[in-house]
Amino acid sequence: MELIGLSLGLPADRFHGFFKDQTSFIRLNHYPPCPTPELALGVGRHKDGGALTILAQDDVGGLEVKRKTDGEWVRVKPTPDAYIINVGDIIQVWSNDRYESVEHRVMVNSEKERFSLPFFFNPVHYTMVKPLEELTNEQNPAKYRAYSWGKFITNRKRSNFQKLNVENLQIHHFRISE
Ligand SMILES: O=C(O)CCC(=O)C(=O)O
Ligand SMILES: [Fe+2]
C-alpha cells in the first residue's frame with residue numbers, strides 16, 4: 001500500500017489510517033477435478049471488492065483475467081514461490097481510476113485438483129470509500145460517490161460469487177455519470 005501511495009504522488013503512510021482496524025480475511029479454495037470442465041467454473045467472473053488481494057496458489061493454474069483491450073480471458077501462469085497481487089475495487093475508487101481492478105474467474109480441469117489461498121486486505125468496516133481529495137480537482141473531478149465499505153461487503157457476502165447473470169453490488173453503481 002505504501003508503494004501504491006508513492007506511485008500516486010502521496011505520502012507512503014497515506015493509507016495507514018484505513019487499516020488500523022481491518023476487515024481482512026483469508027479464503028482457502030479447493031477446486032476438485034471436474035469431469036466436465038467446459039460446463040463449470042471454479043469461481044465465476046468477478047472483481048475483488050476490497051483494497052488488495054494477495055494470492056498464493058499451487059502449480060496447477062486456472063485463474064484467468066479479462067484483457068481490457070479485446071475482452072479476451074487470459075490465463076495467469078503460476079510462478080513458483082510468487083504471490084499474485086491483485087488491485088481491488090477500493091484502490092480503483094481511491095485512485096479515481098488511475099488503478100483498475102481487473103475482472104477475473106477461475107477455470108477447472110478434469111485431471112488435477114487445485115488449491116489457492118487469497119488474502120483479502122480490506123480497511124476498517126466504517127470506511128467511506130471515495131476518490132482521494134489529493135487526486136481530484138476541477139479538471140479531474142471525482143468519478144465515484146462515497147459508499148460505505150461495511151455495507152458493500154455485507155451485500156457482497158449475501159450474494160457470494162453467484163455464477164448467474166444477476167449482478168451483485170459493483171463500484172460502477174456509485175459512478176458519477178459524466
Ligand atoms: O483461486 C484463485 O485463483 C482466485 C480466487 C478468487 O478470485 C477469489 O477467491 O476471489
Ligand atoms: Fe477474486
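Scroll up a little and you will see the structure.
For clarity, every value in this text was computed on a predicted model and none was experimentally measured.

**Section: the packing of aromatic side chains**
Reasoning step 1: Tallying each qualifying case throughout the model produces nine aromatic pairs.
Reasoning step 2: Ring centres 5.2 Å apart and planes at 40 degrees place the aromatic pair Tyr147 and Phe152 in the tilted group. Here the two residues Tyr147 and Phe152 agree in accessibility, since each one is buried.
Reasoning step 3: Through successive ring pairs, a cluster of aromatic residues spans Phe15, Phe18, Phe19, Trp94, Phe119 and Phe121.

**A closer look at the coordination of the iron ion (ligand 2)**
Reasoning step 1: At 2.1 to 2.2 Å from the iron ion (ligand 2) lie its protein donor atoms, namely His46 (NE2), Asp48 (OD) and His104 (NE2).
Reasoning step 2: Mapped onto the sequence, the donors of the iron ion (ligand 2) take the spacing H-x1-D-x55-H.
Reasoning step 3: When its relative accessible area of 14% is taken as the criterion, His46 is described as buried.

**Overview of helix α3 (residues 149–158)**
Reasoning step 1: Within α3 the residues assigned to the buried category are Trp149, Gly150, Phe152, Ile153 and Arg156. Along the axis of α3, the buried residues cluster in a sector spanning 160 degrees; they form a single face. Residues of α3 that are exposed and point over 90 degrees away from its buried face: Lys151 and Arg158.
Reasoning step 2: Residues of α3 that are buried sit in contact with β1 (25–26), α2 (89–94), β10 (128–129) and β11 (147–148).
Reasoning step 3: Of the residues flanking the start of α3, the one acting as N-cap is Ser148, its side-chain oxygen 3.4 Å from the backbone nitrogen of Gly150.

**Points about the site of ligand 1**
Reasoning step 1: Near ligand 1 you find 14 residues, and of these Arg27, Tyr31, His104, Arg114 and Ser116 are the closest.
Reasoning step 2: Residue Asp48 places a side-chain N or O atom 3.3 Å away from an oxygen atom belonging to ligand 1.
Reasoning step 3: In isolation ligand 1 has 290 Å² of accessible area, and contact with the protein removes 98% of it.
Reasoning step 4: Breaking the shell around ligand 1 down by element, the ones donating at least two residues are β2 (29–31), β8 (104–106) and β9 (114–121).
Reasoning step 5: When residues in the shell around ligand 1 are grouped by element, the largest group, four residues, is from β9.

About the thresholds
- Residues numbered from 1 in each chain as written.
- Chains lettered and ligands numbered in written order.
- Predicted model: local features only at pLDDT ≥ 70, side-chain atom pairs only at ≥ 80, totals over all residues.
- Heavy atoms only, no water.
- Phe/Tyr/Trp six-rings, centres within 6.5 Å; stacked < 30°, edge-to-face > 60°.
- Buried < 20%, exposed > 50% of the residue type's maximum accessible area, 1.4 Å probe, protein only.
- Donors = N, O, S within 2.8 Å, 3.2 Å for Na, K, Ca; no water.
- Helix = DSSP H or I, 4+ residues; strand = E, 2+ residues; numbered from the N terminus.
- Arc of directions from axis to C-beta.
- Contact = heavy atoms within 4.5 Å.
- Polar contact = N/O pair within 3.5 Å; in protein donor to acceptor, adjacent residues only side chain to side chain.
- Near = heavy atom within 4 Å.
- Areas by Shrake-Rupley, 256 points an atom, 1.4 Å probe, with all protein chains shown as cover.

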